[in-house]
Amino acid sequence: MKRTVLIRITAVLLSLLSAIGLCACSKSNISVSTDDPSAGTSSGQPTVNTPSDPSEGQTSPSLLPLPSEGTSEEPSSAPLPSSPSKEPVTPTPSEDPTLTPTPSEDPTPTPTPSDDPIDPPEPVKTVEVPASSVRHVFTHCLINDPKKGCATASGPLDVDCLTVSEFEKLLQSLYDNDFVLIDINDMYVLHKNGTAKLAPTVTVPEGKKPLVFSIDDVTYDPRKKGSGMIDRLVIENGTIMGCYDNADGSTTLTDGEVFPILEKFLKTHPDFSYNGAKFTLALTGFAGILGYRTDEQYAEQGIDVAKEREKAMVVVNWLKANGYNFACHSYSHNNYTNCALSRVERDVEMWNRNVKPLIGETKVFIYPYGAWTNHGTAKHDLLLKEGFVMFCGTSQLNTIWDGKQPKEGGIASGTGTIYLERFTITGFTVRTYANAATYMDYYYNYYKSIGNDDATAKQKAQKNFDSLFEVSYNNMQEYCDPMQIYDHENRYHKILADEE
Ligand SMILES: [Zn+2]
């Protein structure tokens, strides 16, 4: 019994630890709003991530702009390379779903009645399901080689990142639970005036559940070099690979990164993708993209930025042609709830100069730290003006609103803002809650204890949570790789001991 109490205490402490910024992209699994008088206590209410927590302002060192950034405020006079040839990311009108196999993975041509005497492939039977039932899960780029130490200036990689085998198990688990990847851009409908609303439904193959999967910070920050993460993405023999630079100037290729792993998985499980949909990559700009130093500030370090952009474009074009799409994760990875309007303005300007010309337009904005901007504020208006319509934060409740403010919940159609929570699967969540029973016990009791006058909202939240448990936590123990380099066990035992 005492053990249970200790576990609870630990879990609360862990959620607080998480809240002070251990994770780069998600503030915590359970965010506690500070305008709740009970915030920070175990009776606090799990809410949408509304990080008004002052500690959120303490940006993780790894996420600060590079040191040279402060001296590169001058706008670059050099024009950027021309826009990518690919079309900007726009919602694709739904095609006839009954005749749409997963095109990128199935080389078999669509049969035409006149010239196909052999068995035609079974057409995929599809159904329409509410767009509000879409689950959105995210993680980060992987730890490719734990033996390299996982040490970075801002802490160990395994706080944010899964290992290769953990990620492979996660994919398998999602597949086994009948999830299918869909395109996030099929979740909204654009009005002629540029505003958007949540689409009433999305299309999935019969018996499947819609899933959006995003990968945050696909940056390969040079300051993480040598820590066990790859150095960049490359296209080799027509497919995507990870690449390391070796000390002797040679390079090593690896398929141990989320994108090659997904490609491989889809070869044996093509029905994990509907209509060719794959992952959404959340990009920042301050350290370049995809492992290339594409940002203008690198010119000051003698790097040929134009050449870097050329190389990045090879990967960008491959990704777009193969079902991936991009989201803006801000330029500087700042906390948008707490930062000044001028920071958002500068971010938008730098994004438009350094990233947008490479990837094209995107309608999806993924908040760093899950730090929301509320509809009706100057910061949010600025993002809407830039064309973003789908705003993603983090919360294990994983719900969706077409509405004014993430915290209000419910539907307020016509605001042009769709808020979408993302379910966090990081090294932190996987290893911290490796004992699924502990996590579930903790969360359910936590949730029950707060009470909720709105029975419908509570029911909805619980339902969402239940459905996610099927995926993420039932077999958590199996996901978790023992990580020798960073001793989570001892660390958490120490917290337990302190509490005693
Ligand atoms: Zn991030």
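This is a predicted model, so every value here is computed, not measured. (Residues numbered from 1 in each chain as written. Predicted model: local features only at pLDDT ≥ 70, side-chain atom pairs only at ≥ 80, totals over all residues.)

Caption draft 1: Examining the overall build of the protein more closely. A count of helical and extended segments in the protein gives 12 helices and 20 strands. Burial statistics for the protein: of 500 residues in total, 46% are counted as buried. Sequence-distant contacts, at least 24 apart, represent 76% of the contacts inside the protein between residues at least 6 apart. (Helix = DSSP H or I, 4+ residues; strand = E, 2+ residues; numbered from the N terminus. Buried ≥ 20, exposed ≤ 12 C-beta atoms within 10 Å, placed from the backbone. Contact = placed C-beta atoms within 7 Å.)

Caption draft 2: Highlighting helix α2 (residues 164–176). Across its 13 residues, α2 extends 18 Å between first and last C-alpha, which sits within 8% of the 18 Å expected from 1.5 Å per residue. Among the residues of α2, those classed as buried are V164, E166, F167, L170, L171, L174 and Y175. In the stretch just after α2, D178 is the one whose phi turns positive, near 70°. (Expected span 1.5 Å × (residues − 1).)

Caption draft 3: Quick peek at the sheet that holds strand β13 (residues 239–245). A sheet is described by the order of its strands in space; here three strands give the open sequence β12-β13-β14, paired in antiparallel fashion. At either margin of the open sheet sits one strand with a lone partner, and together these are β12 (232–236) and β14 (251–254). Averaged over all pairs of adjacent strands, the angle between strand axes in this sheet comes to 45°, irrespective of strand direction. Sheet topology note: the β13/β14 ladder contains four bridges and is antiparallel. Counterpart to D245 in the pairing with β14 is T251. Helix-sheet contacts for helix α3 (residues 258–268) involve β12 and β13, and the interaxial angle to β13 is about 150°. In this fold helix α4 (residues 305–321) packs onto β12 and β13, with an angle of close to 70° to the strand it touches most, β12. (Pairing = 2+ DSSP bridges. Axes fitted to C-alpha atoms, helices over the stretch in contact; angles between N-to-C directions.)

Caption draft 4: Region of the structure containing the nonpolar core. If you look at the biggest cluster of nonpolar residues, it comprises 94 residues, and the most contacted ones within it are I182, L281, F365, M390 and I418. Here the element with the most residues in this core is α2; it accounts for six residues. Not counting chain neighbours up to four residues away, the residues in contact with L281 comprise I215, V218, L319, Y324, F326 and A327. (Core = buried A, V, L, I, M, F, W, Y, C linked by C-beta atoms within 7 Å.)

Caption draft 5: Expanded view of the environment of V189. Inspection of the secondary structure puts V189 in strand β8 (residues 188–190). Owing to 16 C-beta atoms within 10 Å, V189 belongs among the partly exposed residues under this scheme. For V189 and P200, which are 11 residues apart along the polypeptide, the C-alpha to C-alpha distance reads 8.7 Å. The residues contacting V189, other than those within four sequence positions of it, are A196, K197 and A199.

Caption draft 6: Just the environment of D402, in detail. Structurally, D402 is set in strand β19 (residues 400–402). Sequence-wise, D402 and A199 are 203 residues apart; in three dimensions their C-alpha atoms are separated by 9.6 Å.

Caption draft 7: Examining unusual backbone geometry more closely. Its identity as a non-glycine residue notwithstanding, N275 has a phi of 60°, on the positive side. Along the polypeptide, N275 turns up in the loop between α3 and β15 (280–283). Owing to 24 C-beta atoms within 10 Å, N275 belongs among the buried residues under this scheme. Its identity is not glycine, yet Y369 carries a phi of approximately 60°, on the positive side. In this fold, Y369 is placed in the loop between β17 (364–366) and α7 (378–385).

Caption draft 8: Seen up close, α3. Along α3, the residues classified as buried are V258, F259, P260, L262 and L266. Packing partners of the buried residues in α3 comprise α2, β11 (209–216), β12 and β13.

Caption draft 9: View of the confidence of the model for the protein. In the predicted model, the protein carries a mean pLDDT of 71, and 59% of its residues have values of at least 70. Of the regions scoring below 50 in pLDDT, residues 1–24 engages in 45 contacts with residues more than four places distant in sequence or in other chains. (pLDDT = per-residue confidence, 0-100.)

Caption draft 10: Structural detail: the environment of R422. Its place among the elements puts R422 in strand β20 (residues 418–424). Placed 22 residues apart in sequence, R422 and I400 show a C-alpha to C-alpha distance of 9.2 Å.

Caption draft 11: Broad picture of the packing of helix α5 (residues 341–354) against α7. With their axes 9 Å apart at the nearest point, α5 and α7 run at an angle of 15° to one another. The pairing of α5 with α7 is recorded here as roughly parallel in orientation. Judged by the sense of rotation from one axis to the other, the crossing of α5 with α7 is right-handed. Between α5 and α7, the contacting residues are L341, V344, E345 and V348 on the first element and A378, K379 and L382 on the second. Of the residues contributing to the contact of α5 with α7, the split by class is five nonpolar, no polar and two charged. (Parallel < 35°, antiparallel > 145°, perpendicular 65-115°, else oblique. Left-handed = near helix turned anticlockwise from the far one by under 90°. Nonpolar A, V, L, I, M, F, W, Y, C, P; charged D, E, K, R; others polar.)

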